[in-house]
Amino acid sequence: MSDSAVRRAPTMVSVVIPAHNARNLIDVQLTALAEQDYSGTFEVVVSDNGSTDGLEEHLADHPLHTVLDLRCIDSSLIKGAPHARNAGAAAAKGDFLAFCDADDRVHPGWLSALVRASAEYDAVGGPVETTTLNSPDVASWRPVTPPDKREETPGFLDFALSGNLGLWRTAFDTTGGFDESLTVGEDVDFTWRLQLAGLTLGHEPKAMVAYRLRDNYRALWRQSFAYGMAGPELYRHYRSYGLRPTKPLPLLLFALALVARCPVVPTFISRLSTGGWIYYAAFAAGRVRGSFKYRVYFV
């Protein structure tokens, strides 16, 4: 626990939501925020990163406008979620910032759990579940970390997801915001930098978010490939701090498992759905591609 975060409560909380063409999905999230059991004062800042689907107009006279103290700000100057989050944080009034995504749905106790846990930490992450917003088939495509477990990088620092993160504004400012040069992995980078700056990162299992997965193979491949690419890029920046690449033997075993469990093998034998195989294969392909692109070995 750092001295700056010892048993304090926020005067006001700002929920920041980066959004791009999210008009058809954001109402699920806004409704969930209106149903929070948090008893304190909070506002909702939607940071519109260049939407062309009428999102701004949709939010201007939204039924929950007053209930949520809802504002929509323009963050179209630079494309990408990192800039949208930074712009939203800059426009926010609160001394505590809570980040979630436009296409997800926070559970009713999400905000109160983040704020309660923040009494002991500079920043707090929470878990996600994939059963609420996805079909059972789609939910099987991607593994999620158990609620009571932190997001871990073996042999290195824990991290938190940007779609479920709360922190004091002072911690955000000290860390310098999200790196706008990154398109993927900016949450890992941000929470690593936060800890390397001497600040504390907690985990609150009760701060749960329902996470919406990509629901087709092409989108799943693109997203997972990008996640894989992020690893070598981050390794290039953090190897001097002790981040280590995957050892050859585990990598070989992983590759053999992918071959043995490919979609041509019946599911009852492979125990892996086609979507699950695509997720792992795309991630591995991204790692290889990223290692070549950034001229590092981190697969």
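Residues numbered from 1 in each chain as written. Predicted model: local features only at pLDDT ≥ 70, side-chain atom pairs only at ≥ 80, totals over all residues. Heavy atoms only, no water.

Colleague: Sorry if this is basic, but what is going on with the sheet that holds strand 1 (residues 13–19) here?
Modeller: Pairing between the strands of a sheet comes from backbone hydrogen bonds, and it takes one of two forms, parallel or antiparallel. What the seven strands build is an open sheet, ordered 3-2-1-4-8-6-9; its pairing is mixed. Looking at which strands have only one partner, the edges of the open sheet turn out to be strand 3 (70–74) and strand 9 (201–203). Strand-to-strand, the axes of this sheet are offset by a mean angle of 25°, without reference to chain direction. (Pairing = 2+ DSSP bridges. Helix = DSSP H or I, 4+ residues; strand = E, 2+ residues; numbered from the N terminus. Axes fitted to C-alpha atoms, helices over the stretch in contact; angles between N-to-C directions.)

Colleague: Explanation requested: the sheet that holds strand 10 (residues 209–210) in the structure shown.
Modeller: With mixed pairing, three strands are arranged side by side in an open sheet as 5-10-7. Strands with a single pairing partner mark the edges of an open sheet, and in this sheet they are strand 5 (105–106) and strand 7 (128–129). The sheet contact formed by strand 5 and strand 10 spans two bridges and is antiparallel. Along strand 10, the bridge assignment pairs V106 with V209.

Colleague: Can you help me understand the pairing of strand 8 (residues 164–168) in this one?
Modeller: In terms of burial, strand 8 is a largely internal element, five of the five residues being buried. Here strand 8 shows two buried faces, one formed by N164, G166 and W168 and the other by L165 and L167. Taken together, the five bridges between strand 4 (residues 96–100) and strand 8 define a ladder with antiparallel strand orientation. When the sheet's bridge partners are listed, L97 is paired in strand 8 with L167. (Buried < 20%, exposed > 50% of the residue type's maximum accessible area, 1.4 Å probe, protein only.)

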